[in-house]
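As a plain string of letters, each chain reads:
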Amino acid sequence: MGRYVARRLLQMIPVFIGSTLLVFLMMYALPGDPVRALAGEQHVDPAQIAQIKADLGLDQPIWQQYLQYLGNLFQGDLGTQIGTKRPVADVIADAYPITVRLAIFAFIFTVVAGISLGIVAGLKAESLRDRSLLGLTLVLISMPSFVLGFLVQHLFAFQLGIAKPNVSLEPTNSELIMPAIVLASLSLAYVARLTRTSVAENIRADYMRTAVAKGLPRRRVIGVHLMRNSLIPVVTFLGTDIGALMGGAIVTEGIFNIKGVGQLVFEALGKREGATVVGIVTLLVIVYLVCSLLVDLLYAVLDPRIRYA
Amino acid sequence: MTTIDKTAHVPAPRESVSGDGPLLDVRDLHVEFHTRDGVAKAVNGVNYTVSAGETLAVLGESGSGKSVTAQTIMGILDMPPGKITQGEILFRGQDMLKMSNEERRKVRGRKIAMIFQDALSSLNPVLSVGYQLGEMFRVHQGMSRKDAKAKSIELMDQVKIPAAAARISDYPHQFSGGMRQRIMIAMALALEPDLIIADEPTTALDVTVQAQVMDLLAELQREYNMGLILITHDLGVVADVADKIAVMYAGRIVETAPVGELYSRPAHPYTKGLLDSIPRLDQKGQELYAIKGLPPNLTRIPAGCAFSPRCPKAQDICRTDVPPLAPVTEQDGLELVGRGSACHFWKETIHG
C-alpha cells in the first residue's frame, strides 16, 4: 500500500511537468500580446512595449521562460499578473473559495439526487419509473449547460421570481443553490445511470438471494448487501467528478456571474495572462491527480478483492 | 486442527412437533414461470415430506424443478416471473404460503435455512465472512457485534475451519472452495434451524472435498437432529447420506423410495436409466449407457407421461394418460413402505 502510494506520487511529477509545459506552449502559440493588450486601442511606442517585455522577460526564448517559471514555481512563486501587477497566487486565492463552495454544493446534489434516483430506478429495472429516469437523464446529458443554465435562470428568476438571476459579489449559500444544480445536472445524470445499471445488475446476484434466504429485512438486504456492491463503480466516477467540479465551470460561472476560477481563467485567457492561466491549470491538475489517487485508494477499501502492491 | 467441545453445542432434544406430523409437508405444489416464450410449468404437483432428523434427497437433471421447489419452500422465488398456482407448504402444520411476508422472513434463516451451490458467488464478496456470519445473530437475536463475532468464531470452529479466530475478518475470495462451502454451511447452521435445504452443495467442489463436505453436513445433521433436503443430480453423493430419495422429472416426482431400495430395484424407467448411466469399472471399455433425447421444454411438456418420448418401454397409454404416483408393492402384493412410482408399467420395471 505504502509503495503504491509512493509510486503514484512519483508518477505525478512527469504529469505535472508535462501539463505545465503544454499549457505554457499553448499560451505562447496563441496570437495576441499581453503587453499590447494593456494599452487597448491606444497607440503605444513600439520601443516602450519592447522595454516592458524585456522587463517581464517575455523577450527570451520560450524554453528559457519555461525554466524560469518552473524555478520560481519551486520557490512558491506563481508569478505576477501583467495587467494588475498582483501576484497570481493572491488572485487564485481570491477566486478559489467560491469555486470550492460551488463544487461542494454541486457534489452534494449529484450524490444525493443521482444515487437516490439510480436506486429507485434500478430496483425495478424496465419499469415505467426506470424508463422515465433513463429519458430524463438522456435529456440532461444531451442538453448543453448554457441552455440549461439560461432555462433555469429564466424560469426561477424571471418567471417565478424566487431567485436572483445573478449572484452577488460575496454570494450567500442560498444564492449558490441554483448555479450548483445547473453545474451538477450533467454528473447527476451520469451518476443516476451508473447507479441504476449497477443496482439492476447486482440485484440479481447470487449473494442477494443468500441475503434474502438468511431472513434479513429488506432494508438490510438493499442497504447493506446491495449498496456495498453497487456503489463501487459510482464512487470511482464521483472521485474524478469532484476533481472536475473543483476545476470551476467557465460556462456556469459565466451565466450566473460568479467570480470563481472558471471566470478567472476565462478572463486571463482573453488578456493573454500566461502566468495566471498556467498557474490555475497547474493547480487544477494537482487537485485532479490527488482526487483520483484518493479514489483509487478508496476503491481498495470498498472492494477487498483489490489489493495494491 | 482446533479441538471442539462438542457437548457444548448439542442442543436439547427437540420437542416433538405439534402432533406427530412431519416437519415439512409439501402438498400438490404447482409453480410456473411466465416468460416471453409462454408459460413454463416448472413444478407440476410435487408432494414430499421431511421429518426431523430425516434426509430427503431430491434427484433430477437440470430443469427438473428440484431447485424451483426448494426456492418456493424457502420463499426466495422471483415472483414475477414465478407464480405459485396451486398447493400448500406446511411447516410444522402451518401453511407458509398463507403467511405474511414478515412471518415468512422470520422463518427464513431461523427455522429453515438454505445452502447454495456456488459458495463464491453466494457469499457477498465485499463483506467479511465474520460479518456475514455474525449478521444472523445480530439480526435475528439482536446480539451485539462483539457477541456475534464470538459466536461466529465458534461456528467456524464447528464446521472445522482451521484458525477460525484468525480468519474471521477474511473475505470469501480468500478461502478455498471447500472452506467457502463450510462457511455457507456454518451460516445455515447459525440459528440451529429445524430444516436445512442444501441445493447441490457439492457440485462446485472437487471430489475429495465433496466427500468431506457431505460428511460434515451429515454429521451436523445428526448432531442437531435437523431435517435435510439434499438437492442433487449426483447419484453417488446421495447414496451415503440420504434416508429417502425423490426422483424428479419435468416438474413431477416420478419415483420415491428409501435409499437402498432405489439403487437395487428401481421402479421407474427414468431412474433405471439414471442408474445405468453411472460409469462402472467392471464395464470398462464398453459404451456407457445414456438416456436418449433431451429433457422436455417446460413450456411444451408432452401429453401423458413426460418421460414417454425418451422411454424405451413407452406404450400408447404413456402418450395419452399421465401416470399417477402409485404405491409400489412386492409381487405378492406386500406393501413396500415409502415406495411409489409414476409409471404405468412399474410392475414390469421392478419385477420384470
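Residues numbered from 1 in each chain as written. Chains lettered and ligands numbered in written order. Predicted model: local features only at pLDDT ≥ 70, side-chain atom pairs only at ≥ 80, totals over all residues. Heavy atoms only, no water.

In the annotation of an unreviewed UniProt entry, chain B is listed under the name ABC transporter ATP-binding protein and assigned to Streptomyces durocortorensis. In the Subcellular location (unreviewed entry) part of its UniProt record, chain B is described as follows: "Cell membrane". (UniProt positions renumbered as here; feature names shortened; annotations may be inferred.)

For chain A, an unreviewed UniProt entry supplies the name ABC transporter permease and the organism Streptomyces durocortorensis. We quote the UniProt Sequence similarities (unreviewed entry) comment for chain A here in full: "Belongs to the binding-protein-dependent transport system permease family." What UniProt states about chain A under its Subcellular location (unreviewed entry) heading is, verbatim, "Cell membrane".

1. Brief notes about unusual backbone geometry
Residues and elements named next belong to chain A. Despite not being glycine, Arg 272 shows a phi value in the positive range, around 60°. Mapped onto the fold, Arg 272 is located in the loop between α12 (261-270) and α13 (274-302). You can call Arg 272 partly exposed: its relative accessible area is 24%. (Helix = DSSP H or I, 4+ residues; strand = E, 2+ residues; numbered from the N terminus. Buried < 20%, exposed > 50% of the residue type's maximum accessible area, 1.4 Å probe, protein only.)

2. Re the side chain of Gln71(B)
Turning to its location among the elements, Gln71(B) is positioned in helix α2 (residues 66-74). The residues touching Gln71(B), leaving out its near neighbours within four places in the chain, are Arg209(A), Ile76(B) and Leu77(B). (Contact = heavy atoms within 4.5 Å.)

3. Quick look at the pattern of salt bridges
Under the definition given, this model contains 23 salt bridges over all chains. A salt bridge links Glu126(A) to Arg196(A), with the nearest nitrogen and oxygen atoms 3.7 Å apart. Highlighted residues: Glu126(A) in the loop between α5 (88-123) and α6 (128-142) and Arg196(A) in helix α8 (residues 173-202), separated in sequence by 70 residues. Judged by its relative accessible area of 11%, Arg196(A) falls in the buried class. Linking Glu88(B) and Arg27(B) is a salt bridge whose minimum nitrogen-to-oxygen distance equals 3.7 Å. (Salt bridge = Lys/Arg side-chain N within 4 Å of Asp/Glu carboxyl O.)

4. Some thoughts on the side chain of Gln210(B)
Residues and elements named next belong to chain B. Checked against the element boundaries, Gln 210 lands in helix α9 (residues 207-224). Accessibility expressed as a relative area gives 14% for Gln 210, which makes it buried. In contact with Gln 210, not counting residues within four places along its chain, are Thr 202, Leu 205, Asp 234 and Val 237.

5. Brief notes about the nonpolar core
Residues Leu24(B), Tyr48(B), Ile73(B) and Ile229(B) are the most contacted members of the largest nonpolar core, which totals 102 residues. There are two domains that each give this core at least three residues, and those are domain 1 (16-242) and domain 2 (248-279 + 290-351) of chain B. Leu73(A), Val88(A), Ala249(A) and Ile258(A) belong to the second-largest nonpolar core, a separate cluster that totals 48 residues. (Core = buried A, V, L, I, M, F, W, Y, C linked by side-chain atoms within 4.5 Å. Domains from an automatic or database assignment.)

6. Thoughts on the sheet that holds strand β2 (residues 38-50) of chain B
All names here are of chain B. A sheet is described by the order of its strands in space; here 4 strands give the open sequence β2-β1-β4-β5, paired in antiparallel fashion. A strand with exactly one partner marks an edge of an open sheet, and here the two such strands are β2 and β5 (94-95). In the sheet, strand β4 (residues 82-91) pairs with β5 via 2 bridges, with the strands oriented antiparallel. The residue of β5 that forms the bridge with Phe 91 is Gln 94. (Pairing = 2+ DSSP bridges.)

7. Quick notes on the packing of α5(A) against α12(A)
Residue and element names in this part refer to chain A. Interhelical geometry of α5 versus α12 gives an angle of 140° and a closest axis separation of 8 Å. Judged by the inter-axis angle, α5 sits oblique to α12. Residue-level inspection shows Val 91, Ile 92, Ala 95, Tyr 96 and Thr 99 of α5 in contact with α12, the latter providing Val 261, Gly 262 and Leu 264. Class assignment of the residues belonging to the contact of α5 with α12 gives a composition of 6 nonpolar, 2 polar and no charged. (Axes fitted to C-alpha atoms, helices over the stretch in contact; angles between N-to-C directions. Parallel < 35°, antiparallel > 145°, perpendicular 65-115°, else oblique. Nonpolar A, V, L, I, M, F, W, Y, C, P; charged D, E, K, R; others polar.)

8. Quick look at the packing of aromatic side chains
One pair of aromatic rings is described through two measures. These are the centre distance and the angle between the planes. In this structure the tally under the stated criterion is 6 aromatic pairs over all chains. Centre to centre, the rings of Phe24(A) and Tyr66(A) are 5.4 Å apart; their planes meet at 70°, and the pair counts as edge-to-face. Of this pair, Phe24(A) sits in helix α1 (residues 2-29) while Tyr66(A) is found in helix α4 (residues 62-74), placing the two residues 42 residues apart along the sequence. Of the two residues, Phe24(A) and Tyr66(A), both sit in the buried class. With centroids separated by 6.0 Å and ring planes inclined at 55°, the aromatic side chains of Tyr190(A) and Phe237(A) adopt a geometry described as tilted. On the criterion of sequence distance, the pair formed by Tyr190(A) in helix α8 and Phe237(A) in helix α10 (residues 218-246) is long-range, its members being 47 residues apart. A relative accessible area of 38% places Tyr190(A) in the partly exposed class. Among the aromatic side chains, those forming a connected cluster through ring pairs are Phe24(A), Tyr66(A) and Tyr69(A). Cation over ring: Arg167(B) sits above Phe175(B), and NZ or CZ is 4.0 Å from the ring centre. (Phe/Tyr/Trp six-rings, centres within 6.5 Å; stacked < 30°, edge-to-face > 60°. Lys NZ or Arg CZ within 6 Å of the ring centre and 35° of its normal.)

9. Some details on α12(A)
All names here are of chain A. Those residues of α12 not exposed but buried are Val 261, Gly 262, Gln 263, Leu 264, Val 265 and Ala 268. Buried positions along α12 lie against α5, α11 (250-255) and α13. Positive phi appears at Arg 272, one or two residues downstream of α12, with a value of about 60°.

10. Topic: the domain arrangement of chain B
Residue and element names in this part refer to chain B. Per the domain assignment, the segments making up chain B are domain 1 (16-242) and domain 2 (248-279 + 290-351). One C-alpha centre belongs to domain 1, the other to domain 2; they are set 28 Å apart. In this complex, domain 1 contributes 25 residues to the contact, which on the side of domain 2 involves 17 residues. Carbon and sulfur atoms supply 60% of the area buried between domain 1 and domain 2, which totals about 1600 Å² over both sides. Among the residues of domain 1 in contact with domain 2, Asn 44, Glu 61 and Leu 235 are the three that bury the most area, contributing 35% of the side total. Applying the counting rule to domain 1 against domain 2 returns 1 salt bridge. Residue Arg 310 pairs with Glu 61 through a salt bridge whose shortest N-O separation is 3.3 Å. (Buried area = accessible area lost by both parts, 1.4 Å probe.)

11. Here we look at the interface of chain A and chain B
By a widely used convention, the size of an interface equals the accessible area lost when the partners come together. Taken residue by residue, the interface counts 20 residues in chain A and 25 residues in chain B. When the two sides are added together, the surface that chain A and chain B hide from each other amounts to roughly 2100 Å², 59% of it contributed by carbon and sulfur. Remark: the boundary between chain A and chain B carries 2 salt bridges. As a salt-bridge pair, Lys214(A) and Glu135(B) come within 2.8 Å of each other at their nearest N and O atoms. At the junction of chain A with chain B, the criterion picks out 15 residue pairs in polar contact (both at pLDDT 80 or more). (Polar contact = N/O pair within 3.5 Å; in protein donor to acceptor, adjacent residues only side chain to side chain.)

12. What about the UniProt feature "transmembrane region" (unreviewed entry) in chain A?
All names here are of chain A. The residues that UniProt annotates with the feature "transmembrane region" (unreviewed entry) are residues 12-30, 102-121, 133-156, 176-194, 230-256 and 276-302. Taken end to end, residues 102-121 is 100% helix and 0% strand, and its first and last C-alpha atoms sit 28 Å apart. Between the C-alpha atoms that bound residues 276-302 there is a distance of 39 Å. The span itself is 100% helix and 0% strand.

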